[in-house]
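What the coordinates show
The chain contents come next:
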Amino acid sequence: MRVSKLFGKTIREVPADADTISHQLLLRAGMISQLASGIYSYLPLGYRVLRKIEGIVRDEMNRAGGQELHMPVLQPLELWQQSGRAQSMGRVLFTLYDRREHALALGPTHEEVITHLASRYVKSYRDLPLLLYQIQTKFRDEPRPRGGLIRVREFAMKDLYSFDTDEAGLEISYQKMVQAYENIYRRCGLPVMLVEADSGAIGGKDSREFMAITESGEDEIIYCPDCRYAANMEKAVAVKGQIGGSEPLPVVEVATPGMGTIEEVAGYLGIPANRTLKAVFYVADGALVFAVIRGDLTINEVKLKNQLHATELRMATEAEVTGAGIVAGAASPVGLKGFRVVADDSVTTGTNFVAGANKPDTHLKNVNYPRDFTADIVADIATARAGDRCTRCGGTLRATRGIEVGHVFKLGTIYSAKFGASFIDEKGETRPTVMGCYGLGLGRLMAAVGEYNHDEKGIVWPLSIAPYHVYLCPLFREGSRVTEVAEKLYHELEAGGIEVIYDDREESAGVKFNDADLLGIPFRLTVSPRTLEKEGVELKKRTEKDAEIVKLTEVVTRLRGLISA
RNA sequence: CGGGGUGUGGCGCAGUUGGUUUAGCGCGCAGCGUUUGGGACGCUGAGGUCGGAGGUUCAAAUCCUCUCACCCCGACCA
């Protein structure tokens, strides 16, 4: 490819709208172009990177035994109503109407379609196990697209679905996918952390995410450096400890004038926050819910939502709280009636807490569970924090941020049961297939590589996914043989199977070098009068500062060696 | 959806406080010439409904109202 003919231009200045590194660099390199919020074009260079990633993904899926197919983007909305996700996905689902006023959805994922498909063709245990996948465009009307390619509304995703006869089979398929994913990230030069993830209210047993660790990541991860426990913040657990071992004392009312928050009450009474109980109000699917947790902890809304099996959860408004007869600032689980109470298990592992009295400026001392109050649900609904103890080994947990670049998920029979995807086993019994699903966003992976692998000059693409292997850079000089030699070399390199981008522009050295760096091409070849004195070209790696002179006659062989290594 | 911010040639910005003359600057783009090892220089030139609609006024990029788009922070996901 000649730079003079390449569609897309590099730009010097950072576009004002981009503040994520990968976004800035991809834009500057002329690899992507935004059309609307969360909707991008891939220009030729960017598309080459995307397709190389796609190639690696396809290769690993095939190696793992996957069969590639292609499902429709356009899907009857009924299918989504049948699974119940028309509701639970909410407005993320793009919907439209055909000329007969028939509702259709643009596929955000394909569990419904694939299960429907499997129900037609899988009939016997002899048809299983089965790994089916596709690489295809998904549509999700995200509430907030962000970070360039990191979170978009239209994107290429590889989604694989596994079908097995039983849990043991699913485990094998699942492990195959975990292994395949690890291969993919390694081949793309991206280190990842496999973390436990929330599987949502819909169920499913085991859900893990592959996280690329970077500051610009959207997710917070809690991990233990000692035992390698790692989990998404929304799922992470930590030791809460036993508070107070004393015998329960009788409840006493105390005046707490003007004290509303936990800090104020604890400070006023001269006790630590972990000797108090905190009450928080939520509205879950329209119903008021009362959540209680030890004062020093905070509620994890994802955990709470799962405990309630709610599809929508939000904090209650002040009006809703007072309307229910609750005194804000002195809310109490004691004597509470009329709504569901969810208590964090921390309230059961302590005695003589201070809680609200549900009277203005008044709190209760020596509140004990279950003597003074009970809950409909007692479970872990607390947020784990860095510095907490690990529940597995007692080590100290740490926090970091990451980009979710893949998700593997044991679905079980949720979909197969709903869509009648069953088979007849060896004994002649009909059973639903046991499913798993495995998603990987291609553009997101591309962005994550950029976040991880760049310097002040540009993204440093690993050879495996770089748009071209070699940047051929003649330094123009009238009357010299630079151009002649470069043209010849260009053809020789191409003939030798090397992907080369040839900067045939009459630009100054600085411009060309900076563009070579910005595009992140792994090898740069410079041809100039200086190198021709030695009948050679200069070879420089993008990752290294120093260069070497290679004889003209040896360049192609040398590069082939480097590229196949 | 809540909170914050920005819309002025392809890109980055100034001009808006305090109304009015041909709306500027840098980069990029086109032409000519001089240059050529880390973003060269000179001259010439093209390119703008000032996001949109309505209003106030002798006069609006600038003031008022409405609206749209995009970005960032939060609740969701590959």
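Residues numbered from 1 in each chain as written. Chains lettered and ligands numbered in written order. Predicted model: local features only at pLDDT ≥ 70, side-chain atom pairs only at ≥ 80, totals over all residues. Heavy atoms only, no water.

Aromatic ring pairs are reported here in terms of the distance separating the ring centres and the angle at which the planes meet. A full pass over the atoms with the stated rule returns seven aromatic pairs. Between Y369 and F373, the ring centres sit 5.3 Å apart and the planes meet at 65 degrees, which makes this aromatic pair edge-to-face. Put simply, the rings of Y181, Y185 and F210 pair up and form one aromatic cluster. Between R48 and the ring centre of Y468, over which it is positioned, the NZ or CZ distance is 3.9 Å. One Lys or Arg, R524, reaches over the ring of F513 and ends 3.8 Å from the middle of that ring. (Phe/Tyr/Trp six-rings, centres within 6.5 Å; stacked < 30°, edge-to-face > 60°. Lys NZ or Arg CZ within 6 Å of the ring centre and 35° of its normal.)

Our next topic: the sheet that holds strand β18 (residues 353–359). Within the open sheet, the three strands sit side by side as β13-β19-β18. Their pairing is antiparallel. Single-partner strands in this sheet number two, and they are β13 (252–255) and β18. Neighbour to neighbour, the strand axes of the sheet diverge by 35 degrees on average, direction disregarded. (Pairing = 2+ DSSP bridges. Helix = DSSP H or I, 4+ residues; strand = E, 2+ residues; numbered from the N terminus. Axes fitted to C-alpha atoms, helices over the stretch in contact; angles between N-to-C directions.)

Mapping Q75 onto the fold places it in strand β4 (residues 74–76). Polar side-chain contacts of Q75 include one of 3.2 Å to the backbone oxygen of P72. At 3.0 Å, the side chain of Q75 forms a polar contact with the side chain of H110. Residues contacting Q75, with those up to four places away along its chain left out, are W80, L104, A105, G107, T109, H110 and V113. (Polar contact = N/O pair within 3.5 Å; in protein donor to acceptor, adjacent residues only side chain to side chain. Contact = heavy atoms within 4.5 Å.)

Every buried residue of helix α15 (residues 555–564) is listed here: V555, V556, L559, L562 and I563. Along the long axis of α15, the arc covered by the buried residues comes to 130 degrees, so they all point the same way. Those residues of α15 that are exposed and aimed more than 90 degrees away from the buried face are T557 and S564. Looking at the buried side of α15, the elements it contacts are β27 (470–474), α12 (482–495), β29 (523–527), β30 (536–541) and β31 (547–551). (Buried < 20%, exposed > 50% of the residue type's maximum accessible area, 1.4 Å probe, protein only. Arc of directions from axis to C-beta.)

What follows covers the pattern of salt bridges. Enumeration over the complete set of coordinates arrives at 37 salt bridges. Of the charged contacts in the structure, one is a salt bridge between R392 and E196, with a shortest N-O distance of 2.7 Å. Residue R392 is found in the loop between β20 (377–379) and β21 (398–412), and its partner E196 is found in strand β9 (residues 192–196); the two are separated by 196 residues along the sequence. On the basis of relative accessibility, which here comes to 15%, the residue E196 falls in the buried class. The salt bridge partner of E492 is K488, with a shortest N-O separation of 3.4 Å. Here E492 pairs with K488, and both are found in helix α12, just four residues apart, close to one helical turn. According to the relative accessible area criterion, K488 is exposed, its value standing at 56%. (Salt bridge = Lys/Arg side-chain N within 4 Å of Asp/Glu carboxyl O.)

Turning to the domain arrangement of chain A, a few remarks are in order. Annotation of chain A at the domain level lists domain 1 (13–72 + 107–218 + 399–450), domain 2 (252–379) and domain 3 (468–564). If you average the C-alpha positions of domain 1 and of domain 2, the two centres end up 40 Å apart. (Domains from an automatic or database assignment.)

In the vicinity of RNA strand B lie 53 residues, with R144, R151, D219, S528 and E538 positioned nearest. Here, RNA strand B places atoms within 4 Å of the protein, and 49% of those atoms are sugar or phosphate. Residue R144 places a side-chain N or O atom 2.5 Å away from a phosphate oxygen belonging to RNA strand B. Secondary-structure elements contributing two or more residues to the surface near RNA strand B are β1 (32–36), β8 (154–164), β21, β24 (434–441), α13 (509–519), β29 and α14 (529–532). Tallying contributions element by element places α13 first for the surface near RNA strand B, with seven residues. Considered class by class, the residues forming the surface near RNA strand B number 17 nonpolar, 13 polar and 23 charged. (Near = heavy atom within 4 Å. Nonpolar A, V, L, I, M, F, W, Y, C, P; charged D, E, K, R; others polar.)

We now examine the environment of E312. Relative to the helices and strands, E312 is located in the loop between α8 (301–308) and β16 (313–315). Taking the C-alpha atoms as reference, E312 lies 8.1 Å from V283; in sequence the two are 29 residues apart. Dropping the residues within four chain positions of it, E312 is found in contact with V283, A284, D285 and K305.

A few words now on the nonpolar core. Counting 64 residues, the largest nonpolar core has I53, M61, Y181, L445, W461 and I501 as the members making the most contacts within it. The greatest single-element share of this core, amounting to eight residues, is contributed by helix α6 (residues 167–187). A domain-level breakdown of this core finds at least three residues from each of domain 1 (13–72 + 107–218 + 399–450) and domain 3 (468–564). Apart from the residues lying within four places of it in its own chain, the contact partners of I501 are M1, V3, L6, L45, Y468, V470, Y471, L472, L519 and I521. Counting residues in hydrophobic clusters, the runner-up holds 25 residues, among them A105, Y415, A421 and C437. (Core = buried A, V, L, I, M, F, W, Y, C linked by side-chain atoms within 4.5 Å.)

Another aspect to go through is the packing of helix α2 (residues 44–63) against helix α11 (residues 442–452). Contact pair α2 / α11: the axes reach a minimum separation of 10 Å and the direction vectors enclose 110 degrees. It follows from the interaxial angle that α2 and α11 lie roughly perpendicular. Between α2, through G46, V49, L50, I53, E54 and V57, and α11, the contact on the second element is made entirely by L442, G443, L445 and M446. Of the residues assigned to the contact of α2 with α11, the class counts are seven nonpolar, two polar and one charged. (Parallel < 35°, antiparallel > 145°, perpendicular 65-115°, else oblique.)

Between L128 and the following residue, P129, the backbone shows a cis peptide bond with an omega angle of 0 degrees. Residues other than glycine seldom take positive phi values, yet D361 does so here, at roughly 55 degrees. Turning to its location among the elements, D361 is positioned in the loop between β18 and β19 (362–367).

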